[in-house]
Amino acid sequence: MTRTEHRSDSTIKHDVQQELDWTPGIEATAIGVAVDDGVVTLSGTVDSFSERIQASRAALRVQGVHALADDLVVRAAARALHTDAEIAKMVHQALDADDTVPAGHLQVEVADHTVTLHGSVPWHFQWLAAIRDAERVPGVKYVLNHVELTPRPTATDTEARIAQAFVRHAQLDADRLEVSVRDSVVTLTGRVGSAAEKREAELAAWRSPHVTDVQNLLIVQP
């Protein structure tokens, strides 16, 4: 994989605006974009927490983005449509309807439109699914995830397996990545060309069945 060419802040800003406009469910005209040395700041107001998350993910997909400052605010009028009790009920229903999330493993707490998830699940994809289910519920201002992964036995070849996963991944330059494993905790070091590549490397590491935590210390350096 060739190294990512340097992209100017004006080019990155243009591409972030285009990506926001391209992404369904985002009112791009209500979102301000500023870029300073590859660091993107989003400002303005959105109608839901889900829209805020989608805007952040859209910005991080753009090549050349090193980091993101999310200053978006969920409109108070949108939050006022639902009480904490109603939000708690809707989050419970969303988790129950998701076959990915194991039934009975999670508890939901809601205060001032902020959802806190507690409990434990066996797999990282179930952990992610629970967050996304809560994010999509109308009226949610923020989601705090205190869900833990069930402890797993370590494996002697975890480092090698993750390294091979990096080699197979079309979006990753495995030569710039280093993996170390202690017990079931993975630490990633090295350099990547974009924030999106950094996220992809972390997700690849999480796919190992012996991992309970990933410390992503990768540096974005095109």
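Structure: above.
Predicted, not measured: the structure shown is a model, and the values here were computed from it.

So, the sheet that holds strand 2 (residues 39–46)
Argument step 1. Taken in spatial order, the three strands make up an open sheet running 1-2-3, and their pairing is mixed. Each having just a single partner strand, strand 1 (31–36) and strand 3 (67–74) make up the two edges of the open sheet. Going from strand to strand, the sheet's axes swing by 10° on average, the running direction of each strand aside.
Argument step 2. With eight bridges joining them, strand 2 and strand 3 adopt parallel strand pairing. Within strand 3, the position partnered with Val39 by the bridge is Ala67.
Argument step 3. In the packing of helix 1 (residues 9–22) onto the sheet, contacts are made with strand 1 and strand 2, and the angle to strand 1 comes to roughly 155°.
Argument step 4. Its contacts with the sheet put helix 2 (residues 49–60) on strand 1, strand 2 and strand 3, and the angle it makes with strand 3 is roughly 160°.

Quick word on the nonpolar core
Argument step 1. With 55 residues, the main nonpolar core has Val16, Leu20, Leu42, Val115 and Leu117 as its most contacted residues.
Argument step 2. Of all the elements, helix 2 adds the most residues to this core, at five residues.
Argument step 3. Each residue touching Val16, except ones within four places of it in the same chain, is listed here: Val33, Val40, Leu42, Ala59, Val62 and Val65.

Section: the sheet that holds strand 5 (residues 114–121)
Argument step 1. Read across the open sheet, the three strands follow the order 4-5-6; overall the sheet is mixed. If you trace the sheet from one side to the other, it starts and ends with strand 4 (106–111) and strand 6 (142–149), each paired once. Neighbouring strand axes in the sheet, compared pairwise and without regard to direction, differ in orientation by 10° on average.
Argument step 2. Note that strand 4 and strand 5 share six bridges and pair antiparallel. Bridge pairing links Gln107 to His118 in strand 5.

Points about the environment of Asp175
Argument step 1. Within the secondary structure, Asp175 sits in the loop between helix 6 (158–168) and strand 7 (177–182).
Argument step 2. Sequence separation between Asp175 and Ser48 is 127 residues; the distance between their C-alpha atoms is 40 Å.

Looking at the pattern of salt bridges
Argument step 1. For the coordinates displayed, the defined rule picks out eight salt bridges.
Argument step 2. Notably, a salt bridge pairs Asp15 with Arg7, separated by 2.4 Å at the nearest N-O pair.
Argument step 3. Note that Asp70 is salt-bridged to Arg52, the shortest N-O span being 2.9 Å. Pair noted here: Asp70 is in strand 3 and Arg52 is in helix 2, with a separation of 18 residues, a long-range link.
Argument step 4. Arg52 sits in the buried class, given a relative accessible area of 15%.

Focus on the pairing of strand 4
Argument step 1. Taking every second residue as pointing to the same face, the buried face of strand 4 carries Leu106, Val108 and Val110, while none of Gln107, Glu109 and Ala111 on the other face is buried.
Argument step 2. In this antiparallel pair of consecutive strands, strand 4 and strand 5, the connection spans two residues, and Asp112 shows a positive phi of 55°.

Structural notes on the pairing of strand 1
Argument step 1. In strand 1, alternate side chains face the same way, and those of Ile31, Val33 and Val35 are buried while those of Gly32, Ala34 and Asp36 on the opposite face are not.
Argument step 2. Of the pairings in the sheet, the one linking strand 1 to strand 2 comprises six bridges and is antiparallel in character. From the neighbouring strand, Gly32 faces strand 2, where its bridge partner is Ser43.
Argument step 3. Between strand 1 and strand 2, which pair antiparallel in sequence order, lie two residues; one of them, Asp37, sits at a positive phi of approximately 55°.

With respect to helix 4 (residues 84–97)
Note that an α-helix has 3.6 residues per turn; residues three or four places apart therefore point the same way.
Argument step 1. If you check helix 4, its first and last C-alpha atoms are 20 Å apart, about what 14 residues at 1.5 Å a residue would give, namely 20 Å.
Argument step 2. Restricting attention to buried positions, one finds in helix 4 the residues Ile87, Ala88, Val91 and Leu95. Considered in projection along helix 4, the buried side chains sweep an arc of 100° and stay on one side of the axis. Relative to its buried face, helix 4 has exposed residues pointing more than 90 degrees away, namely Ala85, Lys89, Asp96 and Ala97.

Here's the deal with the environment of Asp157
Argument step 1. Following the sequence through the fold, Asp157 ends up in the loop between strand 6 and helix 6.
Argument step 2. On a C-alpha basis, the gap between Asp157 and Leu218 in space is 21 Å, while along the polypeptide they are 61 residues apart.

Observations regarding the side chain of Glu200
Argument step 1. Mapped onto the elements of the fold, Glu200 is located in helix 7 (residues 195–206).
Argument step 2. The charged side chain of Glu200 is buried without a salt bridge, its nearest counter-charge being Arg207 at 4.9 Å.
Argument step 3. Polar contacts involving the side chain of Glu200 include one to the side chain of His169, which spans 3.1 Å.
Argument step 4. Sequence-distant contacts of Glu200, that is, excluding residues within four places in its chain, are made with His169, Gln171 and Leu172.

Calculation criteria
- Residues numbered from 1 in each chain as written.
- Predicted model: local features only at pLDDT ≥ 70, side-chain atom pairs only at ≥ 80, totals over all residues.
- Heavy atoms only, no water.
- Pairing = 2+ DSSP bridges.
- Helix = DSSP H or I, 4+ residues; strand = E, 2+ residues; numbered from the N terminus.
- Axes fitted to C-alpha atoms, helices over the stretch in contact; angles between N-to-C directions.
- Contact = heavy atoms within 4.5 Å.
- Core = buried A, V, L, I, M, F, W, Y, C linked by side-chain atoms within 4.5 Å.
- Buried < 20%, exposed > 50% of the residue type's maximum accessible area, 1.4 Å probe, protein only.
- Salt bridge = Lys/Arg side-chain N within 4 Å of Asp/Glu carboxyl O.
- Expected span 1.5 Å × (residues − 1).
- Arc of directions from axis to C-beta.
- Lys, Arg positive; Asp, Glu negative; His and termini not counted.
- Polar contact = N/O pair within 3.5 Å; in protein donor to acceptor, adjacent residues only side chain to side chain.

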